[in-house]
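Overview (structure and organization)
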Amino acid sequence: MNDKYYELTITLNDEFVDFIADFVANIYGEGLELGTGQIIVRSESDLTFVKDALVSLSGTLSDAIKMDYTLEEKENVDWIKTYQDSIQPIEAGKFYIFPSWYEPKEDFINIKIDPALAFGSGHHATTFSCLEAISEYVVSDSSVIDVGCGSGILGLACKKLGAHVELCDTDPLSVESCKENFGLNEETYDKLWEGSIDKAKTTYDVVIANIIADVLRFIAKDLKSTCKEEGLLILSGILDKKEDLVVDSFKELTLVKRTLKDEWVTLVYKK
């Protein structure tokens, strides 16, 4: 890898971005990034020829497409290493959450997650608090559903404790991510589907939902109906200023525990 690279930024009317990007791709097919009213071209080779070609094109079009150019030479960064260095393992309850470029840790239940985002990797306050609650309340052979499973980290934690786990998420990308992370940890789930809790076919000892407060309120009836009598609901993703909305929706249940971390609240209820 060279110590330097070149970055050409083209600023133009947003309606012409795709057209100009296609033109650039025909003469230089690598390292294009498209934004609103902007195209960025990166290369370890000098990009003056791309700028000159665009100036020539603009002249051919009688300046119908106005473009501004900034060509800079920058320090070349190993982005993969930078990303890996930015993701540190964490300890949450009984669990040690670590990316694949770290080693597992003794005396913890190890879960391997290669996060694309901090949310769903244990680093976000809501995920962290849910892992603590799972450590305390989920036991072997209990039936669990993780609603809005995202990366699958919470369901994985329950599975590592010996629970029977089902998961669902309305986002198809999350469903795929969940599959991959269970595979990465050599674990299996009982069921996983695209959709929400309303598609559940049974009831559960523990219902987990790490979702924003407004959605928790919207699906509160389904969350409660799929929880067994004497079962637990672990609810998170709740901003402290929205907590009253959730509390009001689950007021007939018994609040077992409330955790506040940063500005996020996690509530554990017993039915």
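Residues numbered from 1 in each chain as written. Predicted model: local features only at pLDDT ≥ 70, side-chain atom pairs only at ≥ 80, totals over all residues. Heavy atoms only, no water.

1. A short note on the packing of aromatic side chains
Under the definition given, this model contains four aromatic pairs. Ring plane angle 15° and centroid distance 5.6 Å describe the contact between tyrosine 96 and phenylalanine 98, whose orientation is recorded as stacked. Using a relative accessible area of 8% as the deciding quantity, one classes tyrosine 96 as buried. Ring geometry for tyrosine 96 versus phenylalanine 108: centroids 6.3 Å apart, planes at 50°, classification tilted. Taken as a pair, tyrosine 96 in strand S6 (residues 95–98) and phenylalanine 108 in the loop between S6 and strand S7 (109–112) lie far apart in primary sequence, 12 residues in all. A residue is classified by how much of its surface remains accessible, and phenylalanine 108, at 24% relative accessible area, is partly exposed. Taking NZ or CZ as reference, lysine 224 lies 5.3 Å from the ring centre of phenylalanine 250, over its face. (Phe/Tyr/Trp six-rings, centres within 6.5 Å; stacked < 30°, edge-to-face > 60°. Buried < 20%, exposed > 50% of the residue type's maximum accessible area, 1.4 Å probe, protein only. Helix = DSSP H or I, 4+ residues; strand = E, 2+ residues; numbered from the N terminus. Lys NZ or Arg CZ within 6 Å of the ring centre and 35° of its normal.)

2. A look at the sheet that holds strand S1 (residues 4–12)
One open sheet holds the four strands; their spatial order is S2-S3-S1-S4, and the pairing between them is antiparallel. The two strands at the open ends of the sheet, each matched to only one other strand, are strand S2 (32–35) and strand S4 (67–75). On average, each strand axis in the sheet is inclined to that of its neighbour by 15°, with strand direction left out of account. Across four bridges, S2 lies against strand S3 (residues 38–43) in antiparallel orientation. Residue leucine 34 lies in a different strand from S3, and its bridge partner there is isoleucine 39. Against the sheet, helix H2 (residues 48–60) engages S1 and S4, with an angle of about 180° to S4. (Pairing = 2+ DSSP bridges. Axes fitted to C-alpha atoms, helices over the stretch in contact; angles between N-to-C directions. Contact = heavy atoms within 4.5 Å.)

3. Topic: helix H5 (residues 153–160)
In terms of burial, H5 is a largely internal element, seven of the eight residues being buried. Among the residues of H5, Ile153, Leu154, Gly155, Leu156, Ala157, Cys158 and Lys159 are the ones counted as buried. Positioned one or two residues after H5, glycine 162 has a phi angle of 95°, which is positive.

4. What about the pattern of salt bridges?
Side chains carrying opposite charge are able to pair once their charged atoms draw close together. For the structure shown, the criterion picks out 16 salt bridges. Put simply, aspartate 248 and lysine 251 hold a salt bridge, and the shortest N to O gap is 3.5 Å. Judged by its relative accessible area of 42%, aspartate 248 is partly exposed. Note on lysine 251: relative accessible area 62%, which makes it exposed. Beyond isolated ion pairs, a larger network of salt bridges with shared partners links Glu7, Glu33, Arg42, Glu72 and Lys74. (Salt bridge = Lys/Arg side-chain N within 4 Å of Asp/Glu carboxyl O.)

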